[in-house]
There are 2 protein chains.
Amino acid sequence: MDKTKNKIDLTLSCPRPLEPGDRVLLAHGGGGKLMNSLIETVFRPAFSNPILNQNHDSSVMTVNGVRLAFTTDSYVVHPPFFPGGDIGDLAVNGTVNDLSMSGSRPLYLSAGFILEEGFPMESLKRVVQSMSRAAAVAKVQFVTGDTKVVDKGKGDGIFINTAGIGVIEHALTIGPKSVQPGDVLLVNGDLGRHGIAVMAVREGLEFQTTIESDTAPLSTLVQDLLSNGIRAHCLRDLTRGGLASALNEIAESARVTIAIDESQIPVREDVRGACEILGFDPLYVANEGRLVAFVDKDDAERALALMNQNPHGAGSAVIGSVTKETGPLVTMKNRIGVSRIVDMLSGEQLPRIC
Amino acid sequence: MDKTKNKIDLTLSCPRPLEPGDRVLLAHGGGGKLMNSLIETVFRPAFSNPILNQNHDSSVMTVNGVRLAFTTDSYVVHPPFFPGGDIGDLAVNGTVNDLSMSGSRPLYLSAGFILEEGFPMESLKRVVQSMSRAAAVAKVQFVTGDTKVVDKGKGDGIFINTAGIGVIEHALTIGPKSVQPGDVLLVNGDLGRHGIAVMAVREGLEFQTTIESDTAPLSTLVQDLLSNGIRAHCLRDLTRGGLASALNEIAESARVTIAIDESQIPVREDVRGACEILGFDPLYVANEGRLVAFVDKDDAERALALMNQNPHGAGSAVIGSVTKETGPLVTMKNRIGVSRIVDMLSGEQLPRIC
């Protein structure tokens, strides 16, 4: 028997997860393992500092006695217009939500446009008006901006970056490191609609009902919790990589085990059906108006009631808790009572979803 | 004689400046008239508010008693590596400089990367390390970031957005509206090097000497002026559109006439030569480490001495003053003593220069 051949077969029979190679891959932007690897091997060694290392949706820092939150996101969603929203309101809500996840009150946004030569002026106006409306709803102001134009074929219509500043007016430290055993997990509604809405229009799929993106600002929902004294330990919006990736990141930072219950996780029937057709798991699909809240167990019932009263929290549910076991681990009990590990997304499920 | 023909000829004989049409043009990002038109017709109607309407490099706002500056810029420079710098230090220095132009002390930056699938990982590392070094020099920290990857052919290697927060610790209102008749104009060194350095490598031109970009952080230079009590009325960094566009914007906001003297404007001989070969006017060429300062006439001499002592101010010069005439107008006396109007850039001189 040829030993070389044997060796190759052994290698082939044991597939390893894709390693970050010498080129950037689509999956490096997907919110999963490869993106984490890029952050840990390229960005963190260069930029590491205590504020960045909070590992949260927005960073918190104190300037002359005032606690501020600061965050940024670029939006490259394709196509830029989809059922329930467009790249404009996404760019507002996404950054407002990242600011809200530190419990801050969002105040000011910046807007950076990278336009491709030839992009229709009418589409730009539509996006800008959508940003303006979303900013008014979220009570934030655009105070600074920038526009660059790149040659035709060197961009894709429109990319938008927004950064945001919020002010923190409570004494809590909200973030992964505040998560404790016993904490109860709540989500503010059904999962997976944003990702499926974008995929459906991108792939030209038609479902019996139109699935609309869940894009929404979560600032008032968070303020409702905090102003009523809910001890929120961690808040995270469920964008790229969905619920599963968010929980894995938090379990990793907090070194805890998180146990969720599939039967309690709200997913609409049409979204579940679309996921089956497309081969997606709704736990990994991006949302743009959904969060998971880790709250003190004694506050969970009151938190659920408050969330359900908010316009962006109808359909809120308790989906699990932090166990006493050490971690990091995320487990899910399925509908027949069997528990399995919920891993982080390995590659790219839905490119350019936000 | 065919009347129709006559009509057409008349139209053709009177060329009008290009109007913003139904598509985005490269010149909409060029820092000149078309970009101003885009801002005034699309962005301002949607986003108008008193803070945005300060029309300055960074916006200034007060949060719980603390005066903050906030700004953003996207960087799409092509190619990303050029003599004297790269897109990484540009993305740090550009935003640090915008913050400095309000007299703020730059503190925190965000970084948003839009990478094209297939971009070499080594190039990304080089850019990130360059950002890290530039941030250390400018004494700012990256505290939040985001990475998106777009499909091959839908981007151009690497685009970077940075936003920044600075704190204002003086009582001055620095901006176009504080400019007064009698103010003296100073620049901190020779003009046009950044634009020519990028163009030379892009076009494969070879000059007798290598022209290096002037990219540099201007925060210490501005702090040197302010901490020594210089009454700086307006500061502006001379990026896209160069000195001529910056002065036109300020003259427009302040409704003043600005008179500059060509013989006093420092331009290196090799840069002047390259401009002649390429058909550029150095007054319109982008810089990335140069500012114009409008200072109280009684402080001008001291300001010049302070600027010359700073490592980024060797070669500073007084180049003109604000006259008693109403504006808006920018005039320049040439080397033989004749004055002419210096207009804003109409189209696009140097696309993707920053």
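Residues numbered from 1 in each chain as written. Chains lettered and ligands numbered in written order. Predicted model: local features only at pLDDT ≥ 70, side-chain atom pairs only at ≥ 80, totals over all residues.

S.K.: Got a minute to help me understand the overall build of chain A in this structure?
M.R.: In terms of regular secondary structure, chain A is built from nine helices and 14 strands. Split into buried and exposed, the 354 residues of chain A put 56% on the buried side. Here the contacts in chain A between residues at least 6 apart in sequence split such that 83% fall between residues at least 24 apart. (Helix = DSSP H or I, 4+ residues; strand = E, 2+ residues; numbered from the N terminus. Buried ≥ 20, exposed ≤ 12 C-beta atoms within 10 Å, placed from the backbone. Contact = placed C-beta atoms within 7 Å.)

S.K.: Please explain the confidence of the model for chain A as it appears in this structure.
M.R.: As a general rule, the predicted coordinates of low-pLDDT regions are not to be interpreted in detail. All names here are of chain A. Mean pLDDT over chain A: 92, with 93% of residues reaching 70 or higher. Note that residues 1–18 has pLDDT below 50 and, in this model, five contacts with residues that lie over four places away or in other chains. Per the prediction output, this complex has pTM 0.92; the corresponding ipTM is 0.92. (pLDDT = per-residue confidence, 0-100.)

S.K.: I tried to follow the environment of Phe47(B) on my own but got confused; where do I start?
M.R.: The residue Phe47(B) is located in helix α2 (residues 33–47) in this model. Judged by C-beta crowding, with 21 C-beta atoms within 10 Å, Phe47(B) ranks as buried. Not counting residues within four places of it along the chain, the set of residues in contact with Phe47(B) comprises Ser132(A), Phe142(A) and Leu52(B).

S.K.: Where do I start with unusual backbone geometry in this structure?
M.R.: A negative phi angle is the norm for most residues apart from glycine, just as the trans form is the norm for most peptide bonds. The omega torsion of the bond from His78(B) to Pro79(B) falls at 0°, within 30 degrees of zero and hence cis. Following the sequence through the fold, Pro79(B) ends up in the loop between β2 (66–75) and β3 (81–82). The residue after Gly327(B), namely Pro328(B), is reached through a cis peptide bond having omega 0°. Mapped onto the fold, Pro328(B) is located in the loop between β12 (317–326) and β13 (329–333). At Arg255(A), a position not held by glycine, the phi torsion is positive, near 55°. With respect to the element layout, Arg255(A) can be found in the loop between α7 (242–254) and β10 (256–261). On the basis of neighbour counts, which here come to 13 C-beta atoms within 10 Å, the residue Arg255(A) falls in the partly exposed class.

S.K.: Would you take a moment to explain helix α3 (residues 87–100) of chain B for this structure?
M.R.: The α-helix advances 3.6 residues per turn, and as a result positions three or four apart in sequence lie on the same side. In this model, α3(B) (14 residues) spans 20 Å end to end at C-alpha, consistent with the 20 Å of a helix rising 1.5 Å per residue. Along α3(B), 14 of the 14 residues are buried, which leaves the element largely enclosed by surrounding structure. (Expected span 1.5 Å × (residues − 1).)

S.K.: Help me understand the nonpolar core in this model?
M.R.: Judged by nonpolar contacts, the single largest core of 220 residues is most densely connected at Leu186(A), Leu247(A), Ala293(A), Leu186(B) and Leu247(B). Once you skip the residues sitting within four places of it in the chain, Leu247(A) turns out to touch Ile258(A), Val292(A), Val330(A) and Val342(A). (Core = buried A, V, L, I, M, F, W, Y, C linked by C-beta atoms within 7 Å.)

S.K.: Help me understand the domain arrangement of chain A in this model?
M.R.: Quoted interface sizes are often the accessible area lost when the parts come together. Residues and elements named next belong to chain A. Examined at the domain level, chain A breaks down into domain 1 (57–167) and domain 2 (176–341). Once you take the C-alpha centre of each, domain 1 and domain 2 turn out to be 23 Å apart. Listed per partner, the contact involves 22 residues of domain 1 and 24 residues of domain 2. For the side of domain 1 that touches domain 2, the secondary structure elements donating two or more residues are α3 (87–100), β5 (105–116) and α4 (121–138). Broken down by element, the side of domain 1 that touches domain 2 gets its largest block of residues, eight residues, from α3. Class assignment for the residues of the side of domain 1 that touches domain 2 results in ten nonpolar, eight polar and four charged. (Domains from an automatic or database assignment. Nonpolar A, V, L, I, M, F, W, Y, C, P; charged D, E, K, R; others polar.)

S.K.: Help me out: how do you make sense of the interface of chain A and chain B in this one?
M.R.: Facing 68 residues of chain A, the contacting portion of chain B comprises 68 residues. Sorting the residues of the side of chain A that touches chain B by element identifies α2 (33–47), β1 (59–63), β2 (66–75), β5, α4, β6 (141–150) and β7 (158–167) of chain A as the ones contributing at least two each. Here the side of chain A that touches chain B gets ten residues from one element, more than from any other, and that element is β6(A). The residue makeup of the side of chain A that touches chain B, split by class, is 36 nonpolar, 20 polar and twelve charged.

S.K.: Would you mind showing me how to read the sheet that holds β6(A) here?
M.R.: Where strands meet in a sheet, backbone hydrogen bonds hold them as pairs that are either parallel or antiparallel. All names here are of chain A. Here five strands make up an open sheet; going across it, the order is β1-β2-β7-β5-β6 and the pairing mixed. Looking along the sheet, the strands with just one partner apiece sit at the ends: β1 and β6. Taken over all neighbouring pairs, the strand axes of this sheet differ in orientation by 20° on average, direction set aside. Summarising the sheet, β5 and β6 pair through nine bridges and their orientation is parallel. For Leu109, the partnering residue across the bridge sits in β6 and is Phe142. (Pairing = 2+ DSSP bridges. Axes fitted to C-alpha atoms, helices over the stretch in contact; angles between N-to-C directions.)

S.K.: When you look at the pairing of β6(A) in this model, what are you seeing that I'm missing?
M.R.: Two faces, one strand: in a regular strand the side chains alternate between the faces of the sheet. With respect to burial, β6(A) is a largely interior element, ten of its ten residues being buried. For the crossover from β5(A) across α4(A) to β6(A), the handedness is right-handed. (Right-handed = clockwise from strand over helix to strand, strands pointing away.)

S.K.: How do you make sense of the sheet that holds strand β6 (residues 141–150) of chain B when you look at a structure like this?
M.R.: All names here are of chain B. Sheet architecture is open: five strands sit in the order β1-β2-β7-β5-β6, paired in mixed fashion. The open sheet has two free edges, formed respectively by β1 (59–63) and β6, since each of these has just one partner strand. Mean inter-strand twist for the sheet, computed between neighbouring axes without regard to direction, equals 20°. Relative to strand β5 (residues 105–116), helix α4 (residues 121–138) is tilted by about 170°, and along the sheet it contacts β5, β6 and β7 (158–167).

S.K.: What is the right way to read α2(A) from this model?
M.R.: In a regular helix each residue adds 1.5 Å, so 15 residues correspond to 21 Å; α2(A) covers 20 Å between its end C-alpha atoms and thus fits that length. The sharpest bend along α2(A) measures roughly 35° and falls at Glu40(A). Elements that come into contact with the buried residues of α2(A) comprise α4 and β6 of chain B. (Bend = angle between axes of the 7 residues up to and from the residue.)

S.K.: Any chance you could explain the relation of the copies chain A and chain B here in plain terms?
M.R.: Both copies of the chain are related by one operation, a rotation about an axis with a shift along it. For the match of chain A to chain B, the screw axis carries a shift of 0.0 Å, the RMSD comes to 0.0 Å, and the turn is 180°. One copy is carried onto the other by what is essentially a two-fold rotation axis. Taking the C-alpha atom as reference, chain A places Gly155(A) closest to the rotation axis, 2.1 Å from it. Taken as a fraction of all interface residues of chain A, those also at the interface in chain B reach 100%, which identifies the copy contact as same-surface. (Least-squares fit on C-alpha atoms with pLDDT ≥ 70 in both.)

S.K.: What is the right way to read the environment of Ala138(B) from this model?
M.R.: Examined against the element boundaries, Ala138(B) turns out to sit in helix α4. Other than its neighbours up to four places away in sequence, Ala138(B) contacts Val92(B), Asn93(B), Val96(B), Pro106(B), Pro217(B) and Ser219(B).

S.K.: Is there a simple way to explain the environment of Ala232(B) in this structure?
M.R.: Residue and element names in this part refer to chain B. Position of Ala232 relative to the elements: it lies in strand β9 (residues 232–237). C-beta crowding within 10 Å serves as the criterion here: with 22 such atoms nearby, Ala232 is assigned to the buried category. Sequence separation of Ala232 and Thr173 is 59 residues, and the distance between their C-alpha atoms is 8.8 Å. Among residues more than four places away in sequence, those in contact with Ala232 are Gly103, Leu172, Ile174, Leu225, Leu226, Ala293 and Val295.

S.K.: Help me understand the packing of helix α5 (residues 193–202) of chain A against helix α8 (residues 269–278) of chain A in this model?
M.R.: Residue and element names in this part refer to chain A. The N-to-C vectors of α5 and α8 enclose an angle of 55°; their axes lie 10 Å apart at closest approach. Looking at the two axes, α5 sits oblique to α8. Crossing geometry of α5 relative to α8 is assigned as left-handed. Judged by residue contacts, Arg193, Ile196, Met199 and Ala200 of α5 engage Val271, Ala274, Cys275 and Leu278 from α8. In the contact of α5 with α8, the residues fall into seven nonpolar, no polar and one charged. (Parallel < 35°, antiparallel > 145°, perpendicular 65-115°, else oblique. Left-handed = near helix turned anticlockwise from the far one by under 90°.)

S.K.: Looking at this structure, I do not really get the packing of α3(B) against α4(B). What am I missing?
M.R.: When two helices pack together, their arrangement is given by the angle between their axes and by how far apart the axes lie. All names here are of chain B. Interhelical geometry of α3 versus α4 gives an angle of 30° and a closest axis separation of 7 Å. With respect to their mutual orientation, α3 and α4 come out roughly parallel. Viewed along their axes, α3 and α4 form a crossing whose handedness is right-handed. Each of Ile87, Gly88, Asp89, Ala91, Val92, Asn93 and Val96 in α3 lies in contact with α4, whose residues at this interface are Val127, Val128, Ser130, Met131, Ala134, Ala135 and Ala138.

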